[in-house]
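# Descriptive structure summary
Take a look at the letters that make up each chain.
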Amino acid sequence: MLNVLTFSSLYPNAVQPNFGGFVERQTTRLAARSDVDLKVLAPIGTFLPIGPYAALTRVPKRGEHNGIPVFWPRFPLLPAVGWRFNPAFAYHAGRRVLLDLIADGFCPDVIDCEFFWPDGPAAVRLGRSFGIPVSIKARGSDIRLWGAKPAARRLMVDAANAADGLLAVSESLKADMVAIGMPEEKIRVHRTGIELDRFHPVERSAAKASLGVSGPLLLAVGNLVALKRFELVIGAAELLPDATLFIAGEGRERRKLEALIAERGLSARVRLLGSVHHAEMPALMAAADVFVHASSSEGLANVWVEALASGTPVVTANVGAAAEVVDSAEAGTLIDDARPEVFADAIRAVLEAPPLPEAVRTSSLRFDWKNNTNALHAHLLALVSGPEAQQ
């Protein structure tokens, strides 16, 4: 039996049911193995109990999520430069939980850390304190955003050197990790998995009709934050007068985007759907004629793969692992010149000559949960038992 402690500040809770869903889905499948006993330690950073932080006071300190024991200890968020202390605070919050787990008889064989900031440095410190090997997985913004801050970069590189194993969601992210000083020989590429049985093509006209849409439907998905550049997607939709645009996601840019939509007179055909539960996403993905993604930074976005599995071609900014996913003409178009008119031209070309959904889906078939889970298990087992465990 492999005892795994998954450590991730990105994990769903009662207040944020979609937060870190990509980590949750991977973790749920690893935990489902009969030879794995897994618990999740998901530290939550909190400020004063006001504004968006007030709701987090309702999250229990421990509970179950999808049948997995989850612990949500709190650590303080300090204003301004306080982010420098987040790894230390997350470590202390996690240490208290781990002491209790060990006292109750659960002794982790390995710590599976699922994000690099602030989780990576905190997880390595936990591993050193308790003599437990640690794996850290990089997902994109942890390296590309936090890696641009010298203080955070130093702590992450130190953690990478101290960790027993490293994972990256794509070859391009692995290259970014090496570029900031992380040891290449430790890094394995571990691509995402998706539910290919849930994300699949359907009869698109009927699917759109069920959503109240008759003409071309564009879909964009993501947190409503600046780096996702939804204003570019809205600008592209403005140039396509017959198209409807749905944007699924929630975040601090919502009011700004609402104002932009109203200012440009697009309220009749551009809709902010808010947070959409993962269970409802397959229907949206399969109904869309084109999936549009304008983010300025990504690792390997699950939404690219989910769209392709649904038979929906992707028009995306050429960032992160986009070229590794959108790997054929049928799969979609990569945009290097991220302007609304360029996106609009690419979308228009797809709408005028739509590829066969099954041809689009072909590019997604590599991203299977069974492969993902088996590779993660082999990686973690090797950290405990040595490289021969992978044979």
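Attention here is on the structure that accompanies the text. As the structure is a prediction and not an experimental result, all values here were calculated from the model.

## Describing the packing of helix α2 (residues 86–103) against helix α3 (residues 119–130)
Contact pair α2 / α3: the axes reach a minimum separation of 8 Å and the direction vectors enclose 40°. Relative to α3, the element α2 is oriented oblique. In this structure, α2 crosses over α3, and the sense of that crossing is right-handed. From α2, P87, A88, A90, Y91, H92, G94, R95, L98, L99 and I102 reach across to α3, where they touch P121, A122, R125, L126, S129 and F130. For the contact of α2 with α3, a count of residues per class yields eleven nonpolar, three polar and two charged.

## Quick word on the pairing of strand β14 (residues 290–293)
Each regular strand displays side chains that alternate between the two surfaces of the sheet. Here β14 shows a buried face lined by V290 and V292 and a second buried face lined by F291 and H293. Across two bridges, the pairing between strand β11 (residues 217–221) and β14 is parallel. Each residue of the ladder has a partner; that of L219, found in β14, is F291. Direction of pairing for β14 relative to strand β15 (residues 314–317): parallel, over a ladder of three bridges. If you follow H293 over to β15, its bridge partner there is T316.

## Notes on the sheet that holds strand β13 (residues 270–274)
Taken together, the six strands give an open sheet; going across it, the order is β13-β12-β11-β14-β15-β16, and neighbouring strands pair in parallel fashion. Looking along the sheet, the strands with just one partner apiece sit at the ends: β13 and β16 (332–335). Geometrically, the sheet is characterised by an average inter-axis angle of 20° between neighbouring strands, direction not taken into account. Here helix α8 (residues 230–238) sits on the sheet in contact with β11, β12 (244–248), β13 and β14, set at roughly 165° to β12.

## Comments concerning the packing of α3 against helix α5 (residues 150–162)
Contact geometry of α3 with α5 gives a least axis separation of 8 Å together with a crossing angle of 40°. Relative to α5, the element α3 lies oblique. For the pair α3 and α5, the crossing hand works out as left-handed. Facing α3, whose interface residues are G120, P121, V124 and R128, α5 presents L155, M156, A159 and A162. Of the residues in the contact of α3 with α5, the class split is six nonpolar, one polar and one charged.

## Quick word on a nonpolar patch on the surface
On the surface, F47, L48 and I50 cluster together into a nonpolar patch covering about 280 Å² of accessible area. Its location among the elements puts L48 in the loop between β3 (44–46) and β4 (62–65). Given the relative accessible area of 48%, L48 is considered partly exposed.

## Description of the pairing of β12
Of all five residues making up β12, five are buried, and the element is well covered by its neighbours. Here β12 shows a buried face lined by T244, F246 and A248 and a second buried face lined by L245 and I247. Across five bridges, β11 lies against β12 in parallel orientation. Within β12, the residue paired with L218 across the bridge is L245. For the crossover from β11 across α8 to β12, the handedness is right-handed. With four bridges joining them, β12 and β13 adopt parallel strand pairing.

## Overview of the side chain of K137
Note that K137 resides in strand β8 (residues 134–138). We note that K137 is buried and unpaired, the nearest opposite charge coming from E114 at a distance of 4.6 Å. A polar contact is formed between the side chain of K137 and the side chain of H190, at a distance of 2.8 Å. Excluding residues within four positions of it along the chain, K137 makes contact with Q26, C113, E114, F115, F116, D142, L167, V169 and H190.

The rules we used
Residues numbered from 1 in each chain as written. Predicted model: local features only at pLDDT ≥ 70, side-chain atom pairs only at ≥ 80, totals over all residues. Heavy atoms only, no water. Axes fitted to C-alpha atoms, helices over the stretch in contact; angles between N-to-C directions. Helix = DSSP H or I, 4+ residues; strand = E, 2+ residues; numbered from the N terminus. Parallel < 35°, antiparallel > 145°, perpendicular 65-115°, else oblique. Left-handed = near helix turned anticlockwise from the far one by under 90°. Contact = heavy atoms within 4.5 Å. Nonpolar A, V, L, I, M, F, W, Y, C, P; charged D, E, K, R; others polar. Buried < 20%, exposed > 50% of the residue type's maximum accessible area, 1.4 Å probe, protein only. Pairing = 2+ DSSP bridges. Patch = residues over 30% accessible without salt bridge, like charges linked within 9 Å, V, L, I, M, F, W, Y side chains within 5 Å. Areas by Shrake-Rupley, 256 points an atom, 1.4 Å probe, with all protein chains shown as cover. Salt bridge = Lys/Arg side-chain N within 4 Å of Asp/Glu carboxyl O. Right-handed = clockwise from strand over helix to strand, strands pointing away. Lys, Arg positive; Asp, Glu negative; His and termini not counted. Polar contact = N/O pair within 3.5 Å; in protein donor to acceptor, adjacent residues only side chain to side chain.

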